[in-house]
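Here's the letter readout for the chains.
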Amino acid sequence: MRCLLITGAAGFIGSHTSLVLLNAGYKLFLLDNFSNSSPIALERVGRLSNLSNEKVKERMTIVNGDIRDFSLLENIFLSAEKNGEKIISVFHFAGLKAVGESFEKAFDYWDNNVGGTIALLKAMEKYSCRSIVFSSSATVYGTKNNKALIETDPISPINPYGLTKATIEKMLANIAGCHSTRVAKQTSPRGWRIACLRYFNPAGAHPSGEIGENPKDIPNNLFPLINQVAIEKKESITIFGQDWPTPDGTGIRDYVHVMDIAEGHKAALDTLISSNPQLLIINLGSGEGTSVLDLIKIFKLSIGIDIPYRFGPRRNGDTAISLANPGEALKFIKWKAKRNIEEICRDSWNWQHQNPMGYK
Ligand code: NAD
Ligand code: UFG
C-alpha cells in the first residue's frame, strides 16, 4: 500500500488535503500536535471519505506529536517498514502561521517552522524518503508588488513568518542540489522530488460544512472575521485603509478555495511521482482579485447577510494587491482553481453556521 506522511494534518488545509488523498487511495500517517487544531477534524475526514469505517481504520493512523521529535518521526517511518510498507512522500503543513504573532514570538517561529522542517528532512533522509510537498506562502514575495506575481519575482519577505518560509524553500532547494528559488521547475541532481506550493489566500470549506477553518485565537484574517460578523459574534468589520491604489481604495487579494488548494496538492504529488527528480516552486492562486469592499458585496449577494463595516487605518505590513499569476501551476502540475469567490463565500458560511463554536 502506498503511504504518505501528513504533518499538520488536522489543520485547515491539512484536513481538506487529507480527505482528497484518502479518497485517492493512499494510506495516511497523520501527525499533529493539535496546537492549533482539534482531533475531531480528522474524525470528520474519515467520515466524509468514500471508505467504510473498517477501511478508514486501516488507512488513517493518527499520531499526536511534534515534528521536532526526531524519535517520534523515526517510529512513524519504522512502523510503515514493519508492515512491509513505504512512505513515498511527505506533505508538510505543520507550522506556525500568524504574521503578527511572528514578530512577538520570532524564536518560536524559527524553532517550529525551520527547526521542525530540519528534523523532518533528517528523518526522511534516514528512511530514504526523498519526496516532499511543502506549504509555502505568497508572503515570501514581500509587499512591493502591484501586479500578478510570478515565481521568478524577487523574494523579500518582511515578517519573521515569511522569512521562515523563504528560508525553508532555500533549504529545500539546497538539499535538492538546485540553485534558485526563483524558477518554477528545476531538475534535482540529488534525486529529490520537492514541490513548494506558494498559497495565496486560502478560504472556504468543504461543501458539506463538516470541516473548515477553526482559528483557536481571535481571528485576524478577513474571511473568519466576516463569518463572525454574519453569525453575530462580532458587530462589524474594520476595513484596513480606504486609500490603497486600487479601484475602490481597499486591498485586493487572490482568494482560493481550500478544496482547490487540496486538489493542487494531489496534482503536485502526481507530477512528482511520475517525473524525474525535480524541484517545483508553484503559485497556488486563482489569478482573480477581489477587494475587501467587493467581498462584502459578494457575501451579501451569495448569503443574504449584510456585513456592517467601518474604515480604519492601514494595517502594518499590508500590501495593496496580492494576486497570483497561476500560469506555471497549469503548465507544470496541470492544476487550476475551479471554484469561484461565490462558492468560497457560500462554503465558508456553511461551515461557520453549522459549527458556530468550531470543533468544540
Ligand atoms: P493550521 O494552523 O490550521 O494548520 C497547521 C497545523 O499544524 C495545525 O493543526 C497545528 O496544530 C499543527 N502544528 C503546528 N506546529 C506543529 C508541530 N511542531 N508539530 C506538529 N504539528 C504542528 O494552518 P493552515 O491554514 O492549515 O496552514 C497550513 C500550512 O500552510 C502552514 O504551514 C501555513 O504556514 C501555510 N500557509 C497557510 C496560509 C493560510 O492562509 N491558511 C497561507 C499560506 C501558507
Ligand atoms: N482586512 C481588513 N480588515 C480585517 C482583516 C483584513 O480590511 O479585519 C483586509 C486586509 O487589509 C487585506 C485583506 O483584508 O487587504 C485580506 O487580509 P487577510 O488578513 O485575510 O489576509 P492577508 O492577505 O493579509 O494574509 C494572508 C495570510 C498570511 C499569508 C498571506 C499570503 O494571513 O498568512 O495571506 O498568503 F502569508
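Residues numbered from 1 in each chain as written. Chains lettered and ligands numbered in written order. Predicted model: local features only at pLDDT ≥ 70, side-chain atom pairs only at ≥ 80, totals over all residues. Heavy atoms only, no water.

S.K.: Report on the overall build of the protein chain, specifying residues and quantitative values.
M.R.: Tallying secondary structure elements over the protein chain gives 12 helices and 15 strands in all. Based on the C-alpha atoms only, the size of the protein chain along its principal axes is roughly 60 × 45 × 40 Å. Within the protein chain, the proportion of its 360 residues that are buried is 56%. When contacts within the protein chain are restricted to residue pairs at least 6 apart in sequence, those whose partners lie at least 24 apart make up 81%. Accessible surface, the protein chain as shown: approximately 15500 Å² in total, 51% of it carbon and sulfur. Across the protein chain, the centroid of the 41 positively charged side chains sits 4 Å from that of the 36 negatively charged ones. (Helix = DSSP H or I, 4+ residues; strand = E, 2+ residues; numbered from the N terminus. Buried < 20%, exposed > 50% of the residue type's maximum accessible area, 1.4 Å probe, protein only. Contact = heavy atoms within 4.5 Å. Areas by Shrake-Rupley, 256 points an atom, 1.4 Å probe, with all protein chains shown as cover. Lys, Arg positive; Asp, Glu negative; His and termini not counted. Charge placed at Lys NZ, Arg CZ, Asp CG, Glu CD.)

S.K.: Let's hear about helix H4 (residues 70-82): which residues, and what values?
M.R.: When the terminal C-alpha atoms of H4 are compared, their 18 Å separation across 13 residues agrees well with the 18 Å that a helix rising 1.5 Å per residue should span. When we look at burial in H4, the residues that qualify are Leu 72, Leu 73, Glu 74, Ile 76, Phe 77 and Ala 80. Next to the buried residues of H4 lie strand E1 (2-7), strand E2 (27-32), strand E3 (60-64), strand E4 (86-92) and helix H6 (106-126). (Expected span 1.5 Å × (residues − 1).)

S.K.: Hey, could you go over the site of ligand 1 for me, with residue numbers and the actual values?
M.R.: In the vicinity of ligand 1 there are 27 residues, among which Asp 32, Asn 36, Ser 37, Asn 112 and Tyr 161 approach most closely. At 2.9 Å, a backbone N or O of Phe 12 approaches an oxygen atom of ligand 1. Between ligand 1 and the protein, one listed contact pairs an oxygen atom with a side-chain N or O atom of Tyr 161 at 2.7 Å. Elements represented by at least two residues in the shell around ligand 1 include exactly helix H1 (12-23), strand E5 (131-137) and helix H7 (160-176). (Near = heavy atom within 4 Å. Polar contact = N/O pair within 3.5 Å; in protein donor to acceptor, adjacent residues only side chain to side chain.)

S.K.: Got a sec to walk through unusual backbone geometry? Specific residues and values, please.
M.R.: With a phi close to 55°, Phe 34 is a non-glycine residue in the positive phi region. Position of Phe 34 among the secondary structure elements: in the loop between E2 and helix H2 (39-48). With a phi close to 55°, Lys 334 is a non-glycine residue in the positive phi region. Of note, Lys 334 is situated in the loop between helix H11 (327-333) and helix H12 (341-354). Residue class for Lys 334 comes out exposed when judged on its relative accessible area of 70%.

S.K.: Report on the site of ligand 2, specifying residues and quantitative values.
M.R.: In the region of ligand 2, 21 residues are neighbours, and Phe 200, Asn 221, Thr 238, Arg 253 and Asp 318 sit closest. For ligand 2, a nitrogen atom lies 2.8 Å from a polar atom in the backbone of Thr 238. For ligand 2, whose free accessible area comes to 690 Å², the fraction covered by protein is 87%. Elements supplying a minimum of two residues to the shell around ligand 2: helix H8 (222-230) and strand E9 (237-240). Among the elements that take part in the shell around ligand 2, E9 stands out by supplying 3 residues, more than any other.

S.K.: Tell me about the packing of aromatic side chains, and name the residues and values.
M.R.: One pass over the full model with this rule turns up 6 aromatic pairs. Measuring from centroid to centroid gives 6.4 Å for Tyr 141 and Phe 200, while their planes differ by 35°, and the two rings are tilted. Of this pair, Tyr 141 sits in the loop between E5 and H7 while Phe 200 sits in the loop between strand E7 (193-199) and strand E8 (201-203); the two residues are 59 residues apart in sequence, bridging distant segments of the chain. The exposure class assigned to Phe 200 is buried, which follows from its relative accessible area of 6%. Seen from the ring of Trp 244, Arg 314 lies directly overhead, with NZ or CZ sitting 3.8 Å from the centre. (Phe/Tyr/Trp six-rings, centres within 6.5 Å; stacked < 30°, edge-to-face > 60°. Lys NZ or Arg CZ within 6 Å of the ring centre and 35° of its normal.)

S.K.: So what's going on with the sheet that holds strand E13 (residues 290-291)? Residues and values would help.
M.R.: In space, the 3 strands of this open sheet follow the order E13-E10-E15, with mixed pairing throughout. Either end of the sheet is taken by a strand with one partner, and the two such strands are E13 and strand E15 (321-322). By the bridge criterion, 2 bridges tie strand E10 (residues 252-253) to E13 in an arrangement that is antiparallel. Residue pairing in the sheet places Ile 252 in a bridge with Ser 291 of E13. (Pairing = 2+ DSSP bridges.)

S.K.: Can you explain the environment of Ile 305? Please cite residues and give values.
M.R.: Position of Ile 305 relative to the elements: it lies in the loop between helix H10 (292-303) and strand E14 (309-312). With relative accessibility at 22%, the residue Ile 305 sits in the partly exposed group. Those residues in contact with Ile 305, other than ones at most four positions away along the chain, are Ala 230, Phe 299, Lys 300 and Trp 349.

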